[in-house]
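# Structure assessment
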Amino acid sequence: MTTPHAIDVRNLHKSFGDNHVLKGIDFTIDPGQVVCVIGPSGSGKSTLLRCVNMLERPTEGKVFVEGVELTDPDVDIDAVRRRIGMVFQQFNLFPHMTALQNVMISQQRVLKRSKKEAEIIARENLDKVGVGAKCAARPAELSGGQQQRVAIARALAMNPDLMLFDEPTSALDPELVGDVLMVMRKLAEEGMTMMVVTHEMGFAREVADRVVFMDGGVIVEEGTPAQVIGDPQHERTRAFLRRVL
Ligand code: ADP
Ligand code: MG
């Protein structure tokens, strides 16, 4: 038996009312691959990411994660979603909880880990992303970069097989972007499967195995960073890159 793709999206369409946002997306990510999705605002990048873990229901098409069809009405979505970590632009930490509690809560509630085990795993992951010294701090006492790293630790503590990132550095002050990208780079080097929506072309160039350029709800082109960023074939890609580079 061949290993299934980590993510396999086939002819994916998504409409919100009359707004046909995704117009037939096909792509795959293999285990251990890092794919960066780039494209102008409003092109459907977030919607695509949200369809991969069914935060949005596709209007048409199929989504498979590790060979399991999420668009099958009988599938246990929660069981599959547990294998997928998600990191958003807005960190979505609980403001009244400490960093440590933020990383413990889903482990206890969803994975039913004991408090002691959840705490050990939370500390390991906070250390890993470089905020181990901030366990007792609440989100308001942390910089944006520290908050985003706590959010990454929270996702990692659930032992995901793959991670989805939606513009994880877009809400950060420029001087804090590097710390978060460094954590993501380390994860990539460790072999994590990652789908990253980003405007950080340096990161995409250096870390991505593949870059996907979306515009108007379709994939306009995809390939290696050298192909898509270094030698784009489509005028729409060139126009976008001129604006962001
Ligand atoms: P991107 O992430 O590339 O900026 P989005 O996927 O956020 O693009 O949005 C693409 C289009 O889908 C936009 O026109 C947006 O208004 C619309 N859209 C996204 N989410 C929703 C929603 N929950 N309800 C209605 N329209 C939405
Ligand atoms: Mg978006």
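Cut-offs used in this document
- Residues numbered from 1 in each chain as written.
- Chains lettered and ligands numbered in written order.
- Predicted model: local features only at pLDDT ≥ 70, side-chain atom pairs only at ≥ 80, totals over all residues.
- Heavy atoms only, no water.
- UniProt positions renumbered as here; feature names shortened; annotations may be inferred.
- Pairing = 2+ DSSP bridges.
- Helix = DSSP H or I, 4+ residues; strand = E, 2+ residues; numbered from the N terminus.
- Axes fitted to C-alpha atoms, helices over the stretch in contact; angles between N-to-C directions.

An unreviewed UniProt entry annotates the chain as ABC-type polar-amino-acid transporter of Nonomuraea endophytica. Its UniProt record gives the chain a comment under Sequence similarities (unreviewed entry), which states: "Belongs to the ABC transporter superfamily."

## Thoughts on the sheet that holds strand 6 (residues 84-87)
Two orientations exist for strands paired in a sheet by backbone hydrogen bonds: parallel and antiparallel. The strand order across the open sheet built from six strands is 6-7-8-3-9-10, with neighbouring strands paired in mixed fashion. Looking along the sheet, the strands with just one partner apiece sit at the ends: strand 6 and strand 10 (218-223). Averaged over all pairs of adjacent strands, the angle between strand axes in this sheet comes to 15 degrees, irrespective of strand direction. Summarising the sheet, strand 3 (residues 34-38) and strand 9 (residues 210-215) pair through four bridges and their orientation is parallel. For Cys36, the partnering residue across the bridge sits in strand 9 and is Val211.

## Focus on the UniProt feature "domain: ABC transporter" (unreviewed entry) in the chain
Listed under "domain: ABC transporter" (unreviewed entry) in the UniProt record, and renumbered for this structure, are residues 7-241. Helix makes up 36% of residues 7-241 and strand 26%. Its end C-alpha atoms lie 26 Å apart.

## Describing the pairing of strand 1 (residues 7-16)
As paired strands, strand 1 and strand 2 (residues 19-29) are joined by eight bridges and run antiparallel to one another. When the bridges of strand 2 are listed, Phe16 appears paired with Asn19. Between the end of strand 1 and the start of strand 2, which pair antiparallel, lie two residues, with Gly17 showing a positive phi angle near 60 degrees. Of the pairings in the sheet, the one linking strand 1 to strand 4 (residues 60-65) comprises five bridges and is antiparallel in character. In the strand pairing of strand 4, Arg10 is matched with Lys62.

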